[in-house]
Amino acid sequence: MPAAETVESPTIAIVGGGPAGLMLSHLLARRGVDSIVLDHRSRTEIEHTHRAGILEADSVRLLVDTGVSDRVLRDGDEHEGIDLRFSGRSHRIHFKELVWESVWLYPQTDVFIDLADARARDGGDVRFGVTDASVEGIETDSPIVRFTDADGTPGELRPRLVVGADGSRSICRRLVPEEHRSAYFHEYPFAWFGILAQIPRVAPELIYCRSERGFALISQRTETIQRMYLQCEPGMAPDAWSDEQIWEEFAARLAGEDDLTLPTGPIIDRAVLGFRSFVQEPMHYGRLVLAGDAAHTVPPTGAKGLNLALADVSVLAGCIEDWLGSGSDDALAAYTGTALQRVWRAQNFSYWMTQLLHTTSGRSDGAVGDFAAMRQLGELDTVVSSRAGRTYLAECYTGWPQR
Ligand code: PHB
C-alpha cells in the first residue's frame, strides 16, 4: 500500500538545495519566515560536484555577517589580485591597491557544506534525495509542489510562494508561459577542460593566461591539490588527452621569458565544462521567482556564477519580507529589476574576460593576417598598461556593491 501523502504549508517552498536555495532559506529564517527546501540530489552528491572557487568580498561578508559560518576566514585564502599572462609575461592586477577589495579562494563545495551545516544547526527543513518534484498553480494564489521524499513517501507543499533555485537545468523556469518570458543566449566556440592535480601550489594567486594555443587558468584548492583549466573544443571527451599531453599543453601555453614552470603529478579528476551565457527574464512571474543559475548562466572566466546566485538571494530575501508584510506584488517585481542590473553587469564582464583571453581559430571575414589575435593583444596591453584598464578589471572581478 503506498504511504499516505502528507500535506504541509510552509510560507516559502524552495526547489533546489544548492548555495542559492540554502542561503535563501537561511536569510528567510533570520527574518522569521519559514521555508522547506527540496533537492533531487543527495547531500553527498552535491558535496562532490567540483565547481568554481572564487568568492567576492561581499559573498564572504554574507556568509560571515549573517551567521552561516566564519570558516571561510580560516580555511579560505584571501587573494589581493590575479596575474594576467600573455606573450610569455605575467602582469599583476592588484585589486587591493586599485579598488581596496580582495577576493577569497574558497570552493563552492565548502560554501555548500557551510550552508547545509548551518541549516541543520538552526533546525532548517532541507530534504535531499527527493524525486518527481513538480510545481503547479503558479498563476494562482495557492501554488502546489508535489514530490516523493527520499524514503518513498509522497508529499505535497502548499506554500504562498515557490522559489526556483534549481540550477541551469531548471524545471521551474519553464513554468513561466512562453509569451511572458524572454530568453537571451550566447554560445561560444570553445569549452574548458578542467583537472584536479596532485601538485604543489604554482603561484600565490590565480594565473589567467592567453596564448596562441588557447587559454589556460591556474587556480588552486589546497597545498597539495590544484585546479587548472585549458581551453578546448566544445564536446571534447574528458579522456581525449593523455596525462602527458595535458602537462605538455599547460607547459606550452604558460611558456615565457620568466621560465614559469609547472610541476607535474597525478591527475585525480577531469571534466569538460560547457560555455554559455544565458538569461531568462523576468525573474518573477505569479507565485514563482527564480534565483541563481535557474535564471542565468555565465561562462566561468569571470568567476561570477556563485557570487551572482548569492547576490540574487540576498536581494530576494528582503523583497519576500516586504511582500509578506505589504501583500503587494510590487515588492516581488522589484526583485527582478534589482537582480537583473547585477546579472547584466556580470554577463558583460564574463563575456569580456572570455573574449579577452580565448583564441578562436580561423580569420574573421575581411581580415588580412590574424587580425583577431593582434587586436586581442592590443586590448590586453591596453588593460595592463593603464591604471584605468586595471581598475576596470579589478572593480568587476571583486564585484559591485550589494544592495
Ligand atoms: C576555480 O578555482 O575553479 C576557478 C577560479 C576562477 C575562475 C573559474 C574557476 O574564473
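Geometry of a packed helix pair, given as the angle between the helix axes and the separation of the axes. It is the contact of helix α8 (residues 305-326) with helix α9 (residues 330-357), at a shortest axis distance of 8 Å, that shows an interaxial angle of 165°. Compared by their axis directions, α8 and α9 come out roughly antiparallel. Regarding α8 and α9, the two cross each other, and that crossing is right-handed. Contacts between α8 and α9 involve L308, A311, D312, V315, L316, C319, I320, D322, W323 and S326 on the former and, on the latter, A331, L332, A334, Y335, T338, A339, R342, V343 and A346. Among the residues forming the contact of α8 with α9, the class breakdown is 14 nonpolar, two polar and three charged.

Residues E281 and P282 are joined by a peptide bond in cis, for which omega reads 0°. If you trace the backbone, P282 turns up in the loop between β20 (276-281) and β21 (284-285). Positive phi is not limited to glycine here, since W100 has a value of about 60°. We classify W100 as exposed; its relative accessible area is 70%. Even without being glycine, D259 reaches a positive phi, approximately 55°. Here D259 lies in the loop between α7 (243-254) and β19 (267-273). On the basis of relative accessible area, D259 is assigned to the exposed category, the value being 60%.

A separate point is the sheet that holds strand β23 (residues 296-297). Strand order in this open sheet of three strands is β14-β20-β23, and the pairing throughout is antiparallel. Because the sheet does not close on itself, it has two edges, and the strands there are β14 (182-187) and β23. Note: β20 against β23, two bridges, orientation antiparallel. The partner of V279 across the bridge, within β23, is H296. In the packing of α9 onto the sheet, the strands contacted are β14, β20 and β23, and the crossing angle to β20 comes to about 165°.

Take the environment of L157 next. Along the chain, L157 falls in strand β12 (residues 154-157). Once the C-alpha coordinates of L157 and S9 are considered, the two residues, 148 residues apart in sequence, prove to be 5.6 Å apart. Residues in contact with L157, not counting those within four places in the same chain, are E8, P10, A13, I36, L38, P143, I144, V145 and F147.

This brings us to the site of the ligand. Taken together, 14 residues surround the ligand, and among them Y208, S219, R221, Y229 and P300 come closest. Separating an oxygen atom of the ligand from a side-chain N or O atom of R221 is a distance of 2.9 Å. Within the backbone of P300, a nitrogen or oxygen atom sits 2.8 Å from an oxygen atom of the ligand. Its free accessible area being 280 Å², the ligand has 99% of it covered by the protein chains. Counted by class, the shell around the ligand contains nine nonpolar, three polar and two charged residues.

About the thresholds
- Residues numbered from 1 in each chain as written.
- Predicted model: local features only at pLDDT ≥ 70, side-chain atom pairs only at ≥ 80, totals over all residues.
- Heavy atoms only, no water.
- Axes fitted to C-alpha atoms, helices over the stretch in contact; angles between N-to-C directions.
- Helix = DSSP H or I, 4+ residues; strand = E, 2+ residues; numbered from the N terminus.
- Parallel < 35°, antiparallel > 145°, perpendicular 65-115°, else oblique.
- Left-handed = near helix turned anticlockwise from the far one by under 90°.
- Contact = heavy atoms within 4.5 Å.
- Nonpolar A, V, L, I, M, F, W, Y, C, P; charged D, E, K, R; others polar.
- Buried < 20%, exposed > 50% of the residue type's maximum accessible area, 1.4 Å probe, protein only.
- Pairing = 2+ DSSP bridges.
- Near = heavy atom within 4 Å.
- Polar contact = N/O pair within 3.5 Å; in protein donor to acceptor, adjacent residues only side chain to side chain.
- Areas by Shrake-Rupley, 256 points an atom, 1.4 Å probe, with all protein chains shown as cover.

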